[in-house]
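# Observations on the model geometry
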Amino acid sequence: MMPDTNQALRLCLGTKATGAEFGAVSALSVNHDCSRLLCGFAKGQITMWDLASGKLLRTITDAHPPGTAVLHVKFTDDPTLAVCNDSGGSVFELAFRRVMGMRSCDSRCLFSGSKGEVCCIEPLRAPPDFRDHPITHYSLLAMASLTKILVIGLKPSLKVWMTFPYSKSDPSSVPQLAWQFVPVQKTLNPVLAFCKGDTVHFLLVKKEDTGTIHVIKQKQLQLSCDIISLSWINSRTLVLVDSHEKLQVVDRPSQEVLETLDLEQVQLVYNSRHFKSLATGGNVSQALALVGEKACYQSVSSYAGQIVYLGTKSAHIMALRNWRERIDCLLKQEHFVEALSLAWSFHEGTAKAVVGLVGDQMKKKGVVGDKMVEILFQFAEHALKKCPEHGKIQVMEQHFHDVVPVLVDYCLLLKRADLMFNQLYDRLLENSVAKGVFLEALESYIVADRLGHLTTPIMRDLLAHYHGNGMMDSLERCIVHLDVTSLDIQQVVQVCWENQLYDAMLYVFNSGMNDYITPMEKLFAVIGPPLTEGRGLTDEEVVMGNKLLVYISCCLAGRAYPLGDIPEDLVVQVKNQVFEFLIRRHSGDSLEKEELFPFIRTLLHFDTREFLNVLAMTFEDFKNDKQALEYQQRIVDILLQVMVDNPDFTPSQVGGLFTFLARQLAKPDNTLFVNRKLFDQVLEFLCCPDDDSRHTERQQVLLELLQVGGVVQFNEERLLTLAEKANFYQICEFLYEKKHLFDRIIDCYLRDPLRKGEIFSYIHNLLSMPGYSAEEKHTVKDKVLQHIQELVTLDPSKSADMVLFHFAEEVQQIISELQDDQLLFRFLSCLLEPREGHLSGTMLPLQRDLHELLLDLLCRFGPRQLLGFLQTSQHYRLEEAIQTTQKYHHSEATGYLLEMKGDVHGAFAVLLETLKEKLSVLTAESERADAGGEERDRDHTLSRVKESLNDIIELCHRSSDSLDQQQREVLWFPLLETMMASQKLVKGLNDEHTFEVLKELTMKVLNCMSSFIPLPAIIQRILQDPVYGRGKLAEIQGLILGMLDTFNYEQTLLETTTSLLNHDLHWSLAHLRAAVTRGLHPRQDHCNICLQQYKRRHDSAEEIIVFSCGHLYHYQCLQQKACGGGVTSELNQRWSCYKCSSSQGGEGGGLPPN
């Protein structure tokens, strides 16, 4: 059925008889002038119809093999040529002929389905405007099989131009093809889009001058869906449908998904029946049938920017809206901001999928700009109409904050400030809140220099609004960015002065009236009097003074304040005016008592250092300007006249002046003249020994003056004498360093209480760094050795590091200089402590003697560190160390040394004696506690007993492994007897707490010794002990039961472990036996080498080998394969599966032949 554009039925082609004979229509194609229609049928026939008359022109039954359905039939650009694709996967060319009134059709096979089934074909058909494109002469055809893409040319002769294999994808994914002419580098060439799965590839096809066609791969498009339909809607936009029937509009250049639409209601028709060829018996491959599940090729057609989707009950046409419709759609939904954003993208040419916007760039911008103006008016009207009439003012403000900045922004983008200040502002005046939001919104654009000129009414309203709402900072920021010609200067200056908007005031005077002096006079009139009277400045006055300094700096440097530059023709004039102003002897409204040069005095009192910095930066620009050099000398003379011998200025301020002068005088092109006597006068002032006030400040000032070159202005010998008298040690260091008297610098550091700690860094740097002679370093070393006692007292650790670095050979001399044993102990502790890094391997002379000396000192002054030292040090003799520790009665250290010597019993005896002493003390304290003594001492003694007992137990543990049974008993039994004896003594003193603690300790000894002494021997020894031998069984019941519990636990642990091991062994053997005896089942009935059935001849009894992987081989084939690989011996042959490279052995020979 053929309807017209009004959906009225125009033609009905064919009859029910045709349907019964040929089956359902499976493919359709119309030629380029819409005069012919090709129909493919499910049973394989093809018919051609005349669309003008509805006449059947041809019935083709032999174009392709019978028994296959027609999947695709398509005209090419040549009206006498078409192609078809059947369910066998083959592609045929149909050439139509008409000879003497007889119509015929010649068929030629282009691709055989036996080489790979083609399921999609797409000839390149040029639009009417591109029919003369040179590439159309080749009649290109794209074909998509299940594994690859082919592009062939049908003319002038059949030729394959490109083959492109797919990447791995889902076997059920449907291949898709779509051609489109796309502008590339100012030329139009066809691009083939194809996909199978979730990736769309693009191939650019170009014809070279030589006649060769090149296919160039373009950037691919990666999506996250399985694509079942692919169509171009224009040269930049694709429309895709995924397996969930979601339509996606994609912009190809940016790969952005512009829109997504659900097609579920369309009820898309699928071509599954034809792909399975059900009408001819279903004789298709499984792979093609699987692809057919999602095939909908004949249900989607695109033409002239429209795509038609065929549903079960209706057909749906999809088309992109033109640019106006897209904007109007948003306006209809009252999405004004989005509509403006979209319109601006049209204006700038950045929009995607644009339809209907034609002409050159200026014309496009004009059309879109007019549309945007229309939207702006609609948006403003809508905002005023929708404004809440009642409620909180914040709600109304927020309502207009969402609208007004958008209006301002787009007016400025369109360069339509007239529209904003006239029509829009006049409209917003109806609402006071809207008016205020509008005026406040202007600030960000003014500050960003996007808006520099305001109309007079707007400026007046802006001043009134900001002033009325206390937004003075915002007002100032606006004023300094605005064109002065739009301001009422008198009104603005008055507002600025009344509200301390000094930046704005300076800007208006400078830019509006070219007056750079009047604003300075106003500021000096405010900060001058309090500074002259010695009063402190308020925060506001300090801010004013800082602005004044910056303003003067800008004027002298040729920069405008607060931003920009002074006009070039005014730079010199402004600079001279500022200098003349500063050197005035009196102000304009001066009083009789006013001092000379009030402006310079004011700046010096406000911030001397910053004012001098301003002058220094200004003097940098004075080269050949004679007038400027005269101003420079004049200002220097005034500074000296004002500050020297003036008690109003501190040493720091005076020193700052002469530092400034020294820098200027040190310049190679200096033209200043300063009397040298003034420098001597300043030196006397700074180095006055009778004045202790500001000592550090005066020294720092003088040091800075010397560092910038002031030393050339002084007599060095006199300077050194004055510095020594004034205790200016940094000055002395500076001068000594110039004279290379580095040993004298050591004295400076030692005498300077603020820098004593830095002496070690100085010594290390001087002795380590190159640039100093051997004689200079030797002199410094001698000085260090002279003061070594003082240095060690200052910091023993840093002294030790210094000695290791630089004085390793003088260690004995240094030790002899240290008379105080306590000081020597601290020094040696730091010197001999273990180190990491580059000092870790440093060896000192007589290192053993040093360690033994430190051991002696540790016994006297640091007994708690003694044991740690013995454990980490290896530089002492054992015998001497034992004698030293015995001399000072340090039993733990003695025991450790005896154990190191190998005398375990001696070490045990020393530690046991110590334990007995502590137990005796504990017993005595228990007696006193029984008589009313303190418990605190007893608890402390108990903790010491525990520590001592732990030391002995650890010793016995370490030693028992290397001793025989008798030697072990010699260690453990005396310890047990000692603990049991003390327990018996305490029991009679009514001290339950001590008794219980000792009982626990005795049990601990028993548990530890049970690992080395047999239980019967322990029990026998306990029963033989006089303490327990005459007692009752209840007294030792706890000891015996504890030992029995330990025995039972260990016995249970051993039995459980044995049972688990036996179970694991049985399980492993059972599984191994099952694996060995398991039968093998072949996966197929043919050999994987010769590909013949394993029973090649019925009378044959060939042996076969089946591997554990299930693959099967003839024994003879495996032998031949092995011989081919170089294996000739059959002895110990270990076959391997060639199919899966399994290394498991096979089961041989044994399947009997039938």
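As recorded by an unreviewed UniProt entry, the protein carries the name RING-type domain-containing protein and is attributed to Champsocephalus gunnari. According to the UniProt record, the Sequence similarities (unreviewed entry) comment for the protein reads "Belongs to the VPS8 family."

### Some thoughts on the overall build of the protein
Regarding its fold elements, the protein presents 43 helices and 29 strands. Buried residues in the protein amount to 46% of all 1154 residues. Summed over its atoms, the accessible surface of the protein is roughly 59,900 Å², and 51% of this surface lies on carbon and sulfur atoms.

### Some thoughts on the pairing of strand 8 (residues 81-86)
Within strand 8, six of the six residues are buried, leaving the element largely enclosed by the surrounding structure. Of the two faces of strand 8, the one lined by Leu81, Val83 and Asn85 and the one lined by Ala82, Cys84 and Asp86 are each fully buried. As judged from the five bridges shared by strand 7 (residues 70-75) and strand 8, these two strands associate in the antiparallel manner. Residue His72 lies in a different strand from strand 8, and its bridge partner there is Asn85. Linking two consecutive strands that pair antiparallel, namely strand 7 and strand 8, is a turn of five residues. By the bridge criterion, five bridges tie strand 8 to strand 9 (residues 91-99) in an arrangement that is antiparallel. Paired with Asn85 across the two strands is Val91, which belongs to strand 9. Counting the residues between successive antiparallel strands, the hairpin from strand 8 to strand 9 contains four residues, one of them, Gly89, with a positive phi of roughly 85°.

### Some words on the packing of helix 7 (residues 393-401) against helix 10 (residues 432-447)
At a closest axis distance of 9 Å, the pairing of helix 7 and helix 10 adopts a crossing angle of 55°. Classed by the angle they form, the pair helix 7 and helix 10 counts as oblique. Between helix 7 and helix 10 the crossing geometry is right-handed. When helix 7 is examined against helix 10, the residues Ile393, Met396, Glu397, Phe400 and His401 are found in contact with a partner set consisting of Val433, Ala434, Val437 and Glu440. Its residues assigned to classes, the contact of helix 7 with helix 10 comprises six nonpolar, one polar and two charged.

### Here's the deal with the pattern of salt bridges
Enumeration according to the criterion identifies 31 salt bridges in this entry. With its nearest N and O atoms 2.5 Å apart, the salt bridge here joins Glu293 to Lys276. Remark: Lys276 occurs in the loop between helix 2 (272-275) and helix 3 (286-292) and Glu293 occurs in the loop between helix 3 and strand 24 (300-303); sequence separation between them is 17 residues. Judged by relative accessible area, which is 42%, Glu293 ranks as partly exposed.

### A short note on the sheet that holds strand 23 (residues 256-262)
Sheet architecture is open: four strands sit in the order 20-21-22-23, paired in antiparallel fashion. Taken across any chain shown, the strands that pair with only one partner, and hence form the sheet edges, are strand 20 (227-234) and strand 23. For this sheet the average axis-to-axis angle between neighbouring strands, irrespective of direction, equals 20°. Inspection of the sheet shows strand 22 (residues 246-251) paired to strand 23 by six bridges, in the antiparallel sense. The residue bridging Val249 from the neighbouring strand is Glu259, located in strand 23.

### A look at the packing of helix 15 (residues 518-532) against helix 18 (residues 598-619)
Relative orientation of the contacting elements helix 15 and helix 18 amounts to 70°, with a least axis distance of 10 Å. What the angle tells us is that helix 15 and helix 18 run roughly perpendicular. Relative to helix 18, helix 15 is oriented so that their crossing is left-handed. Between helix 15 and helix 18, the residues in contact are Phe524, Ile527, Gly528 and Leu531 and Phe599, Thr602, Leu603, His605 and Phe606, respectively.

Conventions used here
- Residues numbered from 1 in each chain as written.
- Predicted model: local features only at pLDDT ≥ 70, side-chain atom pairs only at ≥ 80, totals over all residues.
- Heavy atoms only, no water.
- UniProt positions renumbered as here; feature names shortened; annotations may be inferred.
- Helix = DSSP H or I, 4+ residues; strand = E, 2+ residues; numbered from the N terminus.
- Buried < 20%, exposed > 50% of the residue type's maximum accessible area, 1.4 Å probe, protein only.
- Areas by Shrake-Rupley, 256 points an atom, 1.4 Å probe, with all protein chains shown as cover.
- Pairing = 2+ DSSP bridges.
- Axes fitted to C-alpha atoms, helices over the stretch in contact; angles between N-to-C directions.
- Parallel < 35°, antiparallel > 145°, perpendicular 65-115°, else oblique.
- Left-handed = near helix turned anticlockwise from the far one by under 90°.
- Contact = heavy atoms within 4.5 Å.
- Nonpolar A, V, L, I, M, F, W, Y, C, P; charged D, E, K, R; others polar.
- Salt bridge = Lys/Arg side-chain N within 4 Å of Asp/Glu carboxyl O.

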